Amino acid sequence: MTEYIGEHLWAGQLGQALTVISLVGALLATTGYYLGTRTAQAEWTSLGRLAFRMHSLAVLGIVGTLFVMLFNHWFEYDYVWKHSNLSMPMKYIASCFWEGQEGSFLLWTFWHVVLGNVLIARAKDWEGPVMTVFATVQVFLAIMILGVYVGDVRIGSSPFLLIRDLPENIGLPWTAMPNYLSAIPQFADGRGLNPLLQNYWMVIHPPALFLGFAATLVPFTFAIAGLWRKDRTGWIEPALPWTFFGIMILGAGILMGGAWAYEALSFGGFWAWDPVENASLVPWITLVAAGHLMIVNKRKPTALFSLFLLTLITFVLVLYSTFLTRSGVLGDTSVHSFTGDGMLPGLLLFLLFYVGLSVVMLVPDKGQQRFYAAISLALLAIGVGLQVQVPAILLFGAVSIGMLVSAYRQAFLSREPEESLWSREFWLFIGSLVLLLSAMQITFSTSVPVFNLLLEPFDKVFGWVGEKTGSTFFQGLADAKLAPPGEAIAHYNKWQIPFAFIVTFLIAFGQYLRWKETDVRKFRKQLALSFLVSLAITVAAVYLLKYRLAELNLIALFFATVFAILANAWYVPSILKGSLRNAGASVAHVGFGLVLLGALISTSRQNEVSRNTRNMDLRFLNDGFNNSEDILLYRGDTVLMGQHFVRYIAKRQEGVNLYYDMDYFAAVPRTYSVGDSVRVGDMLFVAKNAHQAGPNFLGDQPTNWTPLEEFTRRELWHTREWSAYAVGDRVFGLAPFVQLNPRFGNVAEPSTKHWAHRDLYTHVRYADLTLASDTADDTWMPDRLYEKHVGDSIITPTAMAIIDSVYILKDSVTKRMLGDQYTVYAAQLRVRDLYQPDRWFEARPLVIYANGAPVMGKAAELEGLRIKYGLATVRFEEGPVMGHGGPIPGTDKPRIAIGLNVAESEFLVLQAIVFPGINILWIGCVLLFVGTGMAVWQRVRQ
Amino acid sequence: MEKNADHTMPSYPNAQVPKGMKRSHIIAIVIIAVAIGALVGSLYDSSTYADLEQAMENPGKEYHVVGTLDRSAEIVYEPSLNASLTTFTMRDLTGKTCRVHLAKAKPQDFERSERLVLIGEANEHGEFEARDMLMKCPSKYNEENKVNG
C-alpha cells in the first residue's frame with residue numbers, strides 16, 4: 001500500500017460515507033413513511049421523518065464537502081480537477097459545483113431536501129403518503145451519485161473519485177508514485193471552468209432551473225398520494241400553491257437561460273429551439289396546464305383524469321428531459337448536452353419507474369394493479385436478461401397506454417352533464433389540452449434521436465416489409481437515421497404559433513367568463529373595448545412592421561397577444577375594481593402576453609444589419625445561402641451599417657479578454673452643393689443645385705444631378721461614390737470581445753446596445769487575435785508567404801500582383817549607408833485591383849541580404865488596396881524545373897525565385913442584429929414572475 | 001328586459017348535442033387528430049443523417065452529414081472575398097472525403113474541431129453545400145482527461 005503525499009483523503013471518504021448515509025436515509029424514509037401511511041401508526045411516520053432528516057443532513061454534508069474540496073483546490077479529485085482551477089475567480093466556485101453531471105444532480109437533490117423539509121412542516125395529514133413518494137425520488141438521486149461497482153457495472157457517478165482511482169488510470173505507472181501530486185505537473189492546476197460558463201448567469205440560472213424541476217415533484221407526490229388514499233380531490237388544495245410556485249421558478253429559470261444566451265453567448269438570439277432548451281420548456285407547459293386544471297377541479301371535479309395525467313406527466317417529463325440531456329442520446333443534435341458517461345441505463349430506469357408508478361396508481365382495481373406491476377417487472381427482467389431492451393420498452397409503453405385507457409373508462413368517465421359552453425371551466429379545460437398538445441409536439445420533434453433508437457431493432461422487419469411491398473416508406477424506416485428538422489426554428493414556429501394563438505386568445509377572455517354560466521351580453525360588453533383597441537393596434541402594427549399577408553399566422557398571434565395583454569390589464573380596474581389582492585393571474589397573463597409579443601416582434605422583425613455589401617454574392621453557390629449575416633470591417637474604415645456608421649478603432653486586451661472597440665456614428669443626411677461631383681457605378685454626375693440627399697439616387701437624379709459626358713479613368717477613381725448619408729457625431733461605442741482560452745478554445749462574446757425600443761446586438765465572428773508588440777504590428781493581418789518566380793502573378797482576394805522583375809539596388813546612397821557586405825534586392829510589382837480592374841498600382845518591396853541570408857526587409861504598402869507586399873527571399877535557380885514526372889523539358893533557363901509575403905490590412909468580421917421590441921419580452925418576464933408570485937402568495941395566505 | 005336577457009343567453013344544454021356524440025367526444029377526436037398530425041409532421045419535417053455517398057446520389061436533397069475535418073486539406077476562408085463562406089474538406093464516417101462550402105464565417109477553433117455535423121445538400125459537381133454546421137470541440141463539453149505519468 002503506497003503512502004501518497006499531499007492527498008486529502010478524508011474529504012473523499014467523508015463524501016462517500018455521506019452519500020451512503022443519504023441513500024440509507026432515503027430508503028429508511030421511504031419505508032417509514034410507507035408503513036406509517038399503510039398502518040396509520042405514528043411511530044412509523046416518525047421514523048420516516050427522522051430518516052428524512054438524516055438524509056437531509058447527509059446531503060447538506062455532501063454539498064459542503066464538495067464545496068470545501070473546490071474551495072481548497074484539491075486537484076487529486078477528478079471533479080475538482082475537471083471543473084475548477086487556480087486562476088478562476090472565487091465567485092464562480094458555485095458554477096464549478098454544478099458544471100458537471102454529478103454536481104448538478106447534487107443541486108437537484110439539495111433542492112428536494114429543502115422542499116421536502118418544508119413539506120414535512122406544512123403538509124399535515126398528507127405528510128405520510130407525500131413523503132413516501134418524495135423519498136423514493138431521493139433514493140434514485142442518491143444512487144446517481146453513488147459511484148460504486150457491482151461487478152463490472154458502475155452504478156452512478158461520484159464526485160468524490162480520486163483521479164488515480166479512475167478506471168482508465170488504474171494500473172498506470174504514475175499511480176504508484178507516492179509523490180505523484182507534486183511530481184506530475186498536470187496536478188498543479190485543474191482544467192478550469194469552461195469560459196462560456198464563467199458568467200454570473202451560470203451562477204443563477206442552474207439553481208433556478210433545478211428549483212423549478214424540484215418544485216414539479218411536489219404536485220406529483222400529492223397526486224400520487226391522492227390516488228393512494230382514494231381522495232381524488234383533497235390533494236388539489238395543498239398542491240395548488242406548490243404548482244404555481246413551480247410555474248414561477250421554472251419559468252424564471254428557463255427565461256434566465258434565454259437571457260444568458262442573449263446577453264453573453266454568441267448564439268444570435270435568446271431562443272433557438274435547441275433540444276436542451278425544449279427539454280426544460282416542455283415540463284413548464286404541462287405544469288401550467290396542470291395548475292389551471294387544479295383551479296377547475298378544486299371547485300368541482302370535472303376533468304380529474306386530465307388533471308392527474310398532466311400533473312403526473314409533468315414530473316415524468318422532467319425525468320425525460322434529464323434522460324435526454326444527460327444520457328448522451330441527443331448526441332450530435334444539441335450544442336450543449338452532456339455526454340453519456342454510461343448514465344443511460346440508470347436514467348432510463350429512473351424514468352420508467354415513475355411512468356410505471358403513475359400508471360399503477362391510476363388503475364383503480366387492486367387485481368389490475370398487480371397484473372400491470374407483474375407485467376412490467378417481467379418485461380424489465382426479459383429486457384435486461386435477454387438484451388432486448390427496446391422491444392421490452394415499447395411493449396411496456398403499449399401496456400401502459402392500454403392500462404391508462406382502461407383506467408379512464410373504469411374510474412374517470414364522467415356521467416355528469418357536460419359543462420356549459422360559456423363557462424370558465426370549459427375553456428380552461430380546452431386551454432390545458434392545447435398546452436398538452438403543444439408540449440407533445442415539442443417532445444416529438446425533440447425526440448427524433450430517440451425514435452432512431454426505438455426503430456433500430458425493427459430494421460430487418462421494416463426492410464422485409466419494404467422489399468415485399470415495394471414501399472419506399474418502409475424501406476426508409478428500415479435504415480432510418482432521422483435527424484432533427486434541418487430548419488428547426490421554422491419547424492417549431494410552424495407548429496407552435498397556432499397553439500400559442502389559441503392559448504393567448506383563451507387567456508384574453510378566460511377570466512371574463514364566470515364559473516358554470518356566463519351572461520354573454522355582459523361578457524361581450526366587458527371585452528368589446530379591449531377587442532377593438534387590439535384590432536386597431538394590430539392594424540397599425542401590420543402597417544408599421546410591414547407584415548405581409550403570407551405572415552397571417554404572425555398577424556393573428558400579434559392580435560391575440562395584444563388582446564390578451566389589454567383584456568387582462570383592463571380586468572384589474574374593471575372587474576377587480578383596482579384591488580391587487582386577486583390580480584396575480586391578470587398580471588401574470590399580461591406578462592405572458594408581453595413575453596410572446598416581444599418574442600414575436602423581435603424575432604420576426606430581427607434585422608441582420610451586418611450585410612455583406614462588399615464582395616462576392618453567396619447565392620452564386622446556392623440559392624439557400626444568405627448574404628446578410630456578416631460584415632467585414634477594416635480597421636479605421638467607416639461603414640454604414642443599419643442606421644449608423646460603424647468604425648472599428650482598435651483592439652485591446654484586458655485580462656483574458658480581447659476587446660474590439662467600435663464606435664458608432666449617427667448617419668445624417670448628406671448635403672451636396674452646386675458643382676459637387678459623385679460617382680454612381682461607372683458614371684460621374686455633377687450637382688445642379690444645392691440639396692439634401694434623398695434616400696436613393698434615382699429619386700434625386702432628375703432634379704439635382706447632371707451626368708458628365710466626358711471624364712478620365714483617373715477622375716472616375718478619385719471621385720467619391722454618391723451616398724445618402726454622411727458620418728455624424730459619435731453616438732456610442734461597443735466592444736464585443738473574444739475570451740482567450742487555450743484549453744477550451746476561444747469564445748466570442750457579444751456586446752449589445754440597448755435602447756428602449758430595440759437592441760443592437762453585435763459579436764465578432766472572425767478576427768485576428770494577435771496584439772501589437774515590439775516585433776509585430778497589429779494593423780495588418782498575418783503574412784501569407786507565396787513562393788513564386790519572376791513573371792508569375794499572385795492572386796489574393798482583392799488584388800492580382802504581377803512580378804515584373806527583381807533587381808539589385810546599386811545606388812550610391814544605399815551602398816554607402818549599408819556597407820559592402822549587404823545586398824539590397826527590390827521586386828518590381830504591378831498590382832491590379834480586382835474590384836476595379838482598371839486600377840493599377842505599383843509596388844516595390846525591398847529585402848536586404850547579408851552573407852547570403854535575408855536580414856531585413858521593407859514592405860510596400862498599398863493603402864488604396866489595403867494590401868502590403870513584403871519581399872522575404874530572393875534565390876537564383878538553375879537547371880530544369882522538377883515536375884511530377886521528373887524534370888520538365890525546356891525549363892532549364894536560370895530563374896529568380898522569390899518569396900513574397902502578402903498581408904491584408906487588419907479587419908474583423910462582425911455580425912450585427914437589430915432586435916426591435918425585445919424589451920417588451922423582458923418586461924413580460926418580470927410581470928410573469930411577479931404575477932405568478934402574487935398568485936402563489938394569495939393561495940398560501942388562504 | 002328580463003325576458004329578453006334570458007332569450008339572448010345561449011346556454012347550450014346537452015340535449016342539443018346528438019346522443020352518442022357528446023362535445024367531449026368531438027374534443028377527443030380533434031385532440032387525437034392534432035396529436036397524430038404533430039407526430040407525422042415532426043417525422044415529415046425531420047431531416048436524415050446520411051453519409052457523403054448517399055448525399056451525392058441525391059443532389060439537392062437536404063441531409064445531416066456527420067464527419068470530421070480533413071486537416072490535410074486546405075481550409076479556405078477569405079473574408080475579404082466573402083465573410084460568410086468557408087471552404088474545407090470533410091471526411092465522413094465511412095472515410096469518404098468531399099469539398100464543402102459552408103455559408104458561415106469560419107468558426108473559432110475550427111482546426112481543433114473533433115466532430116462536425118453539416119446540414120445541407122450536395123451539388124452536381126460532387127461538392128457539399130452546407131447551410132449550417134454543428135461543431136464539437138474536444139474539450140468544450142466532452143471530457144479531456146489524459147493525465148499521463
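Model, not experiment: these values are computed from the prediction. (Residues numbered from 1 in each chain as written. Chains lettered and ligands numbered in written order. Predicted model: local features only at pLDDT ≥ 70, side-chain atom pairs only at ≥ 80, totals over all residues. Heavy atoms only, no water.)

**Some remarks on the overall build of chain A**
- Broken down by element type, chain A carries 26 helices and 31 strands.
- Each principal axis of the C-alpha distribution contributes one length, and for chain A these read about 115 × 85 × 65 Å.
- Expressed as a percentage of the 942 residues in chain A, the buried residues total 55%.
- Within chain A, residue pairs in contact and separated by at least 24 positions form 70% of the contacts whose partners lie at least 6 positions apart.
- As presented, chain A carries roughly 41,900 Å² of accessible surface, and 62% of it is formed by carbon and sulfur atoms. (Helix = DSSP H or I, 4+ residues; strand = E, 2+ residues; numbered from the N terminus. Buried < 20%, exposed > 50% of the residue type's maximum accessible area, 1.4 Å probe, protein only. Contact = heavy atoms within 4.5 Å. Areas by Shrake-Rupley, 256 points an atom, 1.4 Å probe, with all protein chains shown as cover.)

**Examining the side chain of Thr443 of chain A**
All names here are of chain A.
- The topology assignment puts Thr443 in helix H15 (residues 424-446).
- Within polar-contact distance, the side chain of Thr443 engages the backbone oxygen of Ala439 at 2.6 Å.
- Not counting residues within four places of it along the chain, the set of residues in contact with Thr443 comprises Val282, Leu317 and Tyr320. (Polar contact = N/O pair within 3.5 Å; in protein donor to acceptor, adjacent residues only side chain to side chain.)

**Section: the nonpolar core**
Residue and element names in this part refer to chain A.
- If you look at the biggest cluster of nonpolar residues, it comprises 199 residues, and the most contacted ones within it are Trp108, Leu119, Phe222, Trp235, Trp284 and Phe350.
- Top contributing element to this core by residue count: helix H8 (residues 200-228), with 16 residues.
- If sequence neighbours within four positions are ignored, Trp284 has contacts with Ile247, Leu250, Gly251, Ile254, Phe592 and Leu928. (Core = buried A, V, L, I, M, F, W, Y, C linked by side-chain atoms within 4.5 Å.)

**Quick notes on the environment of Phe711 of chain A**
Residues and elements named next belong to chain A.
- On the secondary structure map, Phe711 appears in the loop between strand E13 (705-707) and helix H24 (713-718).
- Sequence separation between Phe711 and Leu684 is 27 residues, and the spatial gap between their C-alpha atoms is 7.8 Å.
- Non-local contacts of Phe711, meaning those with residues more than four positions away in its chain, are made with Asp682, Met683, Leu684 and Leu716.

**Points about the environment of Gln369 of chain A**
Residues and elements named next belong to chain A.
- Here Gln369 lies in helix H13 (residues 366-385).
- We classify Gln369 as buried; its relative accessible area is 16%.
- Spatially, the C-alpha atoms of Gln369 and Leu557 are 45 Å apart, while their sequence positions differ by 188 residues.
- Residue contacts for Gln369: discarding those within four places in its chain leaves Val360, Met361 and Val363.
- At a separation of 3.0 Å, a polar atom in the side chain of Gln369 contacts the main-chain carbonyl oxygen of Val360.

**Quick notes on the domain arrangement of chain A**
Residues and elements named next belong to chain A.
- In terms of domains, chain A is made up of domain 1 (1-193), domain 2 (195-259 + 270-356 + 415-446), domain 3 (363-411), domain 4 (623-739) and domain 5 (784-905).
- A C-alpha centroid distance of 35 Å is found between domain 4 and domain 5.
- The partner domain 5 presents eight residues to the four residues of domain 4 that form the contact.
- Roughly 610 Å² of surface becomes buried between domain 4 and domain 5 when both sides are summed, with 49% attributable to carbon and sulfur atoms.
- The largest per-residue losses of area from domain 4 upon contact with domain 5 belong to Tyr634, Arg713 and Trp717, which jointly make up 82% of the total buried on that side. (Domains from an automatic or database assignment. Buried area = accessible area lost by both parts, 1.4 Å probe.)

**Brief notes about a nonpolar patch on the surface**
Residue and element names in this part refer to chain A.
- Residues Val20, Ile21, Val24, Leu28, Trp44, Leu47 and Met54 make up a contiguous nonpolar surface patch of roughly 510 Å² in combined accessible area.
- The set of elements that each furnish at least two residues to the nonpolar patch consists of helix H1 (9-39) and helix H2 (42-71).
- Counting residues per element, the nonpolar patch draws most heavily on H1, at four residues.
- By the element assignment, Ile21 lies in helix H1.
- We classify Ile21 as partly exposed; its relative accessible area is 36%. (Patch = residues over 30% accessible without salt bridge, like charges linked within 9 Å, V, L, I, M, F, W, Y side chains within 5 Å. Salt bridge = Lys/Arg side-chain N within 4 Å of Asp/Glu carboxyl O.)

**Details of the pairing of strand E18 (residues 758-767) of chain A**
Residues and elements named next belong to chain A.
- Taking burial as the measure, the 10 residues of E18 include nine buried ones, the bulk of the element.
- The pairing of strand E17 (residues 751-754) with E18 spans four bridges and is classified as antiparallel. By the bridge assignment for E18, Thr752 is matched with Tyr761.
- Strand direction decides the pairing type here: E18 and strand E31 (residues 907-916), joined by nine bridges, are antiparallel. Bridge assignment links His763 to a residue of E31, and that residue is Gln911. (Pairing = 2+ DSSP bridges.)

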